[in-house]
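Breakdown of the fold
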Amino acid sequence: MTNEIFTTHITFASGDSHKEEPITGDKLVSTITRLVRGPAAMAGMIKEVKIVDSLDCIVFLARDNKVVFPPQEAQNK
């Protein structure tokens, strides 16, 4: 997956949006962590984070710091 290219789309609580420079697969985890658990996310500034592959297929989606896709298993089974 490190040879694939991914694009990150961020929607802020204000309604503004931002598209980051494309990244490779080896940067996915740090990008997701930064945008879902980082200072801006904890301050409530980020409404949605969407990461798509080169075919515009969603590979990661989070809203209000909660992962929507891929589906997460229940923590307490």
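Here goes a summary of the coordinates provided. All values reported here derive from a predicted model rather than from experimental measurement.

Summarising the element assignment, Glu48 is placed in strand E4 (residues 46-52). For Glu48, the side chain forms a polar contact with the side chain of Arg63, separated by 2.7 Å. Excluding residues within four positions of it along the chain, Glu48 makes contact with His9, Ile10, Thr11, Leu61, Ala62 and Arg63.

Let's shift gears to the pairing of strand E1 (residues 5-12). Here E1 pairs with strand E3 (residues 23-24) via 2 bridges, running antiparallel. Residue pairing for E3: Ile5 is matched across the bridge by Thr24. In the sheet, E1 pairs with E4 via 6 bridges, with the strands oriented antiparallel. Its bridge partner lying in E4, Thr7 is registered against Val52. In this sheet, strand E2 (residues 17-19) lies alongside E1 in antiparallel orientation, the contact comprising 3 bridges. Bridge assignment links Ile10 to a residue of E2, and that residue is His18. As consecutive antiparallel partners, E1 and E2 are separated by 4 residues, and within that stretch Gly15 has a phi angle of approximately 100°, a positive value.

Rules behind the numbers
- Residues numbered from 1 in each chain as written.
- Predicted model: local features only at pLDDT ≥ 70, side-chain atom pairs only at ≥ 80, totals over all residues.
- Heavy atoms only, no water.
- Helix = DSSP H or I, 4+ residues; strand = E, 2+ residues; numbered from the N terminus.
- Polar contact = N/O pair within 3.5 Å; in protein donor to acceptor, adjacent residues only side chain to side chain.
- Contact = heavy atoms within 4.5 Å.
- Pairing = 2+ DSSP bridges.

Purely geometric stuff here, so don't read any function into it on its own.
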